[in-house]
Amino acid sequence: MAQAPRPEPKRLRDDIRSIAQLNMLHNLAAALNMLGDVEEIAAAITAELRTIIDYHNCRVYLLQPDGDTLFPVAFRGELFTDYATESLPALVTRLGEGITGHVALTKTSLLTPDARQIEFSVTIPGTDDDLLESMLAVPMIAGDEVVGVIVLSKLGFAQFDEDDRRLLEVLASHAAVAFQTARLLEAERREARVSGALLRLSQAMTSEHTVGEIFQRAIETVPTIIPCKGAAAYTRDEETGAFRVARVLAVGTNTTKPRSEIADIPKEIADNFLFSETEPFVIPQDVAMQVPTDLRFMDDPGAVLVTPLRWDADGFGAIVAVGEVDGAPFDDDALSFARGIADITSLALGNARRLSELERFHELVESLDAVFWEADAKDLRLTFVGGRADPVLGPDAGSWPSQGKAWGDHVYERDRDAAELAVRWARDEGRDTTLEYRVRTPTGREVWVRDLIHVVRRSRGPRQLRGLMVDITERKQAEQALQASERKYSEAFRREREAAQQLRALDDMKNTFLEAVSHDLRTPLTSILGSAITLERANMDLPQEDAVDLVRRIAANARKLERLLGDLLDLDRLQRGIVSPQRRPTEVGELIRRAVEETEDHNGHELTVDVEPFVVSLDAPKVERIVENLLTNALRHTPPEAEVWVRAVPEDGGLLLMVEDDGRGIPPELREEIFEPFRQAPGSATGHSPGVGVGLSLVKRFAELHGGRAWVEDRPGGGASFRVFLPGG
C-alpha cells in the first residue's frame, strides 16, 4: 500500500511557525484589550514578540501630542557590544527622521536586510556606523491616524522575512487600538481626578470663613492636579499695590522659605511680571530667574504659573505654582485647571470678606419685625413660615406647615372672608397684591398686619404664593387717633395728617425696600438651597452633565446675591465717605467692552457698543460698575424690542459715557428722583422684578467720587439718554 509523501522539512517548519504566530496574535490581542496603561501594553508587545520572532532589539515608539515627537515607551533586547550604551533619551526621534520617523510619516512598513542600504537611516550616537543590521519597522495606525511605530532589529543580513512583516503589521493594528484606548482612559482618569479635586475644593470652601483658610485650601489643591514643586498665595495691598505672601506650600521633598523671610513684592517690580489680571499665564524660567532672590519663596525655580484672583470690587491677589527646573512646561490643561481653582477661590474669598456684613444685613432684616411665608397656590396651604413670627403669630408658627394650616387661618374672623377672597383673586389674575387685616395674637391682643403678596407664576399658571407681613398696628392706631381728633379740631387734624402722610411715605419706602429685598434675596437663596439639596441627596450618583448644571445654577444665583449685597454695602460705604478712587491710566474701550460682555442677560435687546480706544486715568473697577448698572437699568426698563446703545468719547481730558435707548423715556419729574436710593421709575417694561433701586444711586455716587456727575435727558428720536462725565485724574 502506497504511503503519503512526508512534508518537506522547510514546509513543516513554516506550518509550525504559522500556527505559533496565529496563537500568539490571538493571545496577545486578547491581552491588549485587558490592559489600560501605555507602558503595560508596550511591555506586553515586546515580551510576546520575543516568543515568535527572533530579534536582539525591539522598540515601541508613540507619537506625542505635539504631532512631531516619537518617544520610546518600551525597549527590550540584548544590551551588548555597541548597544550597551543606548539610553531612552538617545532613542527619541522626530517625524520624518531616520527609519522610524520615515515609517511614521509615510504610514508604510519598511523591511531591509541591511540598514546601511537605507539612505535616510540615522545611526544612534555611540554605535558603530558600519554595523550590519537587519531592520523591520511597522507603523501603528488607527483609522487614518498614526499612533506610533514598532521597530525590530537583529545583527546580520536578511534576518527578517515577509511573514515577519505581515505578522508585525497585524499586531500593530491591534496595538494601535489598545494604545488609543489607554490614552483615552488616562485622559478620562485625569479629568475625573481634576473634577473630583475641584469638587472637593468647592465643598471644602463652604466651611471656610477666613481668607487664610481659603488660601490654604487652594494651594493644597494645586499640586493634586497641576505638577509643581511648590505653591503660594499672594494678596495685593489696595493702597500701595505691593504683593504680600499669605500662604506657602512645598511639594514632596522640596522646601520653601519661612514666610517671615519672604519680602513683599513692590508694585514697580510686580508690574513687570503681571502679564494679565484676568487670565492665568506662565512666566518662563529664564524670566522667573530675574525676580530678586529675597522676593522668591523658593530657590531655583523652574517655569512659574500665575493665576490672578479677583473678589469684590477691590480685592485682588494671585495663586503661584513653581515648576521643576528643566521639568515639563505648564500646558493648556494646567492653565484651564488653574482657572477652575481661581474661580472657586475668588468666590469663596468674596463670601468670606462679606460674611460679617451679611450677618449684619440679616440682623437688619430681623429687626424689621417682618414675617416671611410661602403657600401652595392651589389650596393656600402654608409651606414655610419664618422671620420674626413669634410676636404676631405665636411661637408655634414655624410648625404650621407640618400641621396642615392654610393661609387665612391666622386672620381675625371678621376680616378673614374678605382677605381670602382678595388672595384668591390675586392668584387667579396672576397679580401681586397688598392686604391690610387684623390678627388675634395668642395673648388675645389685636394686631394690624400689612401683607405684601407675590404670585409666583409658571408657564401653566401660578404655582406658589409668597408674602411678607409687617406689623402696622402703631400706624393704624395713629390713623384712628387722627380721625377722632379731626372731628374736634380740623386745623390740628390737618397738621397731624401732613405728619401722618410723611410717616406713610417713610413706611412705603421701607415696604418697597422689604418687598424688593425679600424677592431678590429669597428667590436665588431658594434656587441655591434646592440645587445644593439635590447634589447632597444624589450622593455623587448624578450624571456629570446634571451635576455641572446644578453647580452652574448655584454659581449664577450666588453671583446675584453677591451683586445685591455688594450694591447695598457699596452704597453704605459711599454714604459714610470711606471710599476713595484708585485712579490708574485705563484703556476705556477695552474696559467698557468687557463690562458689556459680562452683563449676564440682554433680555433679547439689540445692543450696540460704539467706543474708540483712548486712555483716561480713572478707577477702572468703579467705572465698570457704572457701565454695568446703567446697562442693566436700560435692559430692565425697556421693552425687548427696544435698541440700546453704549457710547464713550473723550471730553475735556476726561470721559463722557452715554447709555441710551429708544424706549419710553424718563418723565421730567422723575429725572432727579431716580438717582436717589430705593427710588425708581414705576414698573419694568420687561416684566422683571423692579429690583432694590440702588443701581442708579451707585452710578451717581461713583461719578461724584471721581469729581464728575450723572444725569439723564431725552434722546433725540425718543427714549432716554443716561450720561456720566468723569474728569481725568
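Thresholds, definitions, all that
- Residues numbered from 1 in each chain as written.
- Predicted model: local features only at pLDDT ≥ 70, side-chain atom pairs only at ≥ 80, totals over all residues.
- Heavy atoms only, no water.
- Axes fitted to C-alpha atoms, helices over the stretch in contact; angles between N-to-C directions.
- Helix = DSSP H or I, 4+ residues; strand = E, 2+ residues; numbered from the N terminus.
- Parallel < 35°, antiparallel > 145°, perpendicular 65-115°, else oblique.
- Left-handed = near helix turned anticlockwise from the far one by under 90°.
- Contact = heavy atoms within 4.5 Å.
- Nonpolar A, V, L, I, M, F, W, Y, C, P; charged D, E, K, R; others polar.
- Pairing = 2+ DSSP bridges.
- pLDDT = per-residue confidence, 0-100.
- Salt bridge = Lys/Arg side-chain N within 4 Å of Asp/Glu carboxyl O.
- Buried < 20%, exposed > 50% of the residue type's maximum accessible area, 1.4 Å probe, protein only.
- Core = buried A, V, L, I, M, F, W, Y, C linked by side-chain atoms within 4.5 Å.

A. Expanded view of the packing of helix H18 (residues 620-636) against helix H19 (residues 695-705). Packing of H18 against H19 brings their axes to within 9 Å, and their N-to-C directions diverge by 150°. In this view, H18 runs roughly antiparallel relative to H19, as classed from their interaxial angle. In the packing of H18 onto H19, the handedness of the crossing is left-handed. For the pair H18 and H19, the contacting residues are Lys622, Arg625, Ile626, Asn629, Leu630 and Asn633 in the first and Gly695, Leu696, Leu698, Val699, Phe702, Ala703 and Leu705 in the second. Classifying every residue of the contact of H18 with H19 by side-chain character gives eight nonpolar, three polar and two charged.

B. Just the sheet that holds strand E22 (residues 709-714), in detail. Strand order in the open sheet formed by five strands is E18-E20-E21-E23-E22, and the pairing between neighbours is mixed. For this open sheet the edge positions go to strand E18 (606-611) and E22, each flanked by a neighbour on one side alone. With strand direction ignored, the average angle separating the axes of adjacent strands in the sheet is 15°. Relative to strand E20 (residues 643-651), E18 runs parallel, the two sharing six bridges. Within the sheet, the bridge partner assigned to Leu607 lies in E20 and is Val644. Of the strands in this sheet, E18, E20, strand E21 (654-661) and strand E23 (720-726) are in contact with H18, which crosses E21 at around 15°.

C. Broad picture of the confidence of the model for the protein chain. Averaged over every residue, the pLDDT of the protein chain is 80; residues scoring 70 or more account for 76%. Looking across the protein chain, the model is least confident in helix H10 (residues 355-366), with a mean pLDDT of 54, and most confident in E23, with 94. With pLDDT under 50 throughout, residues 9-13 is counted as low confidence; its partners more than four residues away or in other chains account for zero contacts. Taken as a whole, residues 683-690 scores under 50 in pLDDT and shows 20 contacts with residues more than four places along the chain or in a different chain.

D. Expanded view of the pattern of salt bridges. Inspection of every chain in the model, using the stated rule, returns 28 salt bridges. For Glu277, the salt bridge is made with Arg236, and the minimal N-O distance between the two is 3.3 Å. One end of the pair, Glu277, is in the loop between helix H7 (267-273) and strand E9 (281-283); the other, Arg236, is in strand E7 (residues 230-236), and 41 residues separate them in sequence. For Glu277, a relative accessible area of 35% gives the class partly exposed. Arg427 is the partner of Asp428 in a salt bridge, and the nearest nitrogen-oxygen pair spans 3.1 Å. Via salt bridges that share partners, Glu436, Arg475, Lys476 and Glu479 belong to a single interconnected network.

E. Geometry of unusual backbone geometry. Unlike most non-glycine residues, Asp300 shows phi in positive territory, near 50°. Within the fold, Asp300 resides in the loop between helix H8 (285-288) and strand E10 (304-311). Even without glycine at this site, Leu380 takes up a positive phi of about 65°. If you trace the backbone, Leu380 turns up in the loop between strand E12 (370-376) and strand E13 (382-387).

F. Structural detail: the pairing of strand E11 (residues 315-322). When you tally the buried positions in E11, you get eight out of eight residues, the bulk of the element. Neither face of E11 is open: one carries Gly315, Gly317, Ile319 and Ala321, the other Phe316, Ala318, Val320 and Val322, and all of them are buried. Taken together, the six bridges between E7 and E11 define a ladder with antiparallel strand orientation. Counted as the bridge partner of Gly230 is Val322 from E11. Bridge analysis of E10 against E11 gives eight bridges, and the strand direction is antiparallel. Bridge pairing in E11 links Arg310 to Phe316.

G. Structural detail: the nonpolar core. Residues Ile592, Leu630, Leu657, Phe722 and Val724 are the most contacted members of the largest nonpolar core, which totals 38 residues. Residue assignment for this core shows that the elements contributing at least two residues are helix H17 (588-597), strand E19 (615-618), H18, E20, E21, H19, E22 and E23. Ranked by residue count, the leading element in this core is H18, at eight residues. Residue contacts for Leu630: discarding those within four places in its chain leaves Leu657, Val659, Leu696, Val699, Phe722 and Val724. Ala233, Ile319, Ala348 and Leu349 belong to the second-largest nonpolar core, a separate cluster that totals 31 residues.

H. Here's a closer look at the sheet that holds E9. Pairing within the open sheet is antiparallel, and its five strands lie in the order E8-E7-E11-E10-E9. The open sheet terminates on both sides in strands that have one partner only, identified here as strand E8 (243-250) and E9. In this sheet, adjacent strand axes meet at a mean angle of 25° when their direction is disregarded. Most of the contacts of helix H6 (residues 211-225) go to E8, to which it runs at about 50°, and overall it touches E7, E8, E10 and E11.

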